[in-house]
Structure formats: C-alpha cells, structure tokens
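# Architecture at a glance
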Amino acid sequence: MGDQSNTGTGQPGAARDDGEGMPGSSVRQTSETWESLFRAQVGLMRRIRQDPVFRELPIGEYDVLFNLSRCPGGWTRLNELNHHLLISQPSLSRMVDRLEARNLVRKRPAEADQRGVELALTDEGRALQRRIGSAHVHRIQDVLAPVLDAAEMEQLRVLTDKINARLGQ
C-alpha cells in the first residue's frame, strides 16, 4: 500500500537511530504510521464535512472563524492566522474578503506595521462560530466515541500533542 501512496515514502527500512526518529523506529514503520494517521484524518474529515451545519458555512470558512475565536486579544495578523490553516495566503485573503462581506470578520491595518492586516471576529461572526462549533464538537463526539474509549482518546491526544510540540505547533 505504501508503495502506491503519494502520502508516504513506502520504502521499507531497517531500524535506525539517527536523531530524526525514536531509536528502533524504521522508515517502513514511520511510513505506515504516517499513512494510517493521514487516512484516519481524511476519513474523519469526510464524515465531519457531511454535517448539515456546514451547509450554512463551509468547514474551511468555519476554521477561520474558529482560529480567530482563539486569539487572546481578539485580533491577529492575516499571516499569523495563515500558519494555522492548510490554505495558501491568496486563498485565505479571498476567503477573508467573503467573510468580511458577510459581516463575520473585520479587518484593519496592523498596529505595528501599517502594511499588514489584522483580523477579528464581529459579534455576528463570534455567535455563528459558537453555534457551529457546538454542533461540530457533538458531531466529532458522535464519530469518535464509538471507536475510542476515554483512555484511548487521552492517549491519542497525548501522542498528537507530542508531535505538535516537536513541530513547534
């Protein structure tokens, strides 16, 4: 399977300890783990995207609102927001323009650098994010709870947090 996938190397390998992975992990094991993680994420996203709540606002646009809702001061730079998303800067700019036209976000010149742009949720955007977010977390619960028990969910969270910490996320 790995040999035909463009998501992994598919290369079998011997155990290694080269500072890039844990001692004893092989290239093959790493590739198979990556493919399993990737396929699980794709499968979950396919199920979650089917949620009727995303007919009102596409999941990609919801992701922008969600990330803006997590900004401590309420405002964040466009390029900082882009670090948390899997879309290009031009695509994000167009998406933000659509969200602004719907009065879900507002823009202003960056305080520290007038060439930059800062974004924040409007009251309407915050309310929509909360409403969709509530339905979204219940859908995630519906999808994951039959598969993983509480201890397994905690273990998965710990492992993904470890990956994110290593990647500086």
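Owing to the predicted nature of the structure, the values given are computational and were not obtained by experimental measurement. Per chain, the residues get numbers from 1 upward, laid out in the order the sequence is written. Whole-chain, interface and lining totals are the exception, using all residues; otherwise, since this is a predicted model, local features are given only for residues with pLDDT of at least 70 and side-chain atom pairs are given and counted only at 80 or more. The basis for every side-chain value is the complete set of non-hydrogen atoms in the structure, without hydrogens or water.

### Some thoughts on the pattern of salt bridges
Two side chains bearing opposite charge may form a pair once their charged atoms approach each other closely. Worth spelling out the cut-off: Throughout this description, the term salt bridge denotes a Lys or Arg side-chain nitrogen within 4 Å of a carboxyl oxygen of Asp or Glu. Comment: elements are numbered from the N terminus, with helices defined as DSSP H or I runs of at least four residues and strands as E runs of at least two.
Inspection of the entire model under this criterion finds eleven salt bridges. Note that D97 is salt-bridged to K107, the shortest N-O span being 2.7 Å. You can see D97 sitting in helix α4 (residues 89-101) and its partner K107 sitting in strand β2 (residues 105-109), a full ten residues away along the chain. R157 is paired through a salt bridge with D161; the nearest N and O atoms lie 2.4 Å apart. Taken together, the positions of R157 and D161, both in helix α6 (residues 150-166) and four residues apart, correspond to about one turn of that helix.

### Let's talk about the side chain of Q129
Using the following cut-off: In this description, contact between two residues means that some pair of their heavy atoms is separated by no more than 4.5 Å.
Position of Q129 relative to the elements: it lies in helix α5 (residues 123-144). Among all residues touching Q129, those that are not within four sequence positions of it are Y62, L65, F66 and S69.

### Some thoughts on the nonpolar core
Rules: By nonpolar core we mean a set of buried residues, namely Ala, Val, Leu, Ile, Met, Phe, Trp, Tyr and Cys, connected to one another through side-chain atoms within 4.5 Å. Residue exposure (1.4 Å probe, protein chains only): buried if accessible area is under 20% of the type maximum, exposed if over 50%, otherwise partly exposed.
Counting residues in hydrophobic clusters, the biggest one holds 23 residues, and the most contacted among them are L57, V64, L65, L68 and L99. Listed by contribution, the elements that provide at least two residues to this core are α2 (59-69), α3 (78-82), α4, β3 (117-121) and α5. Looking at this core, the element that brings in the most residues is α2, giving five residues. If we ignore the near neighbours within four places in the chain, the residues touching V64 are L81, L85, L92, M95 and L99.

### A few points about unusual backbone geometry
For residues that are not glycine, phi is negative in most cases, and the peptide bond is trans in most cases. Not every positive phi belongs to a glycine, and N103 is a case in point at roughly 60 degrees. Its location among the elements puts N103 in the loop between α4 and β2.

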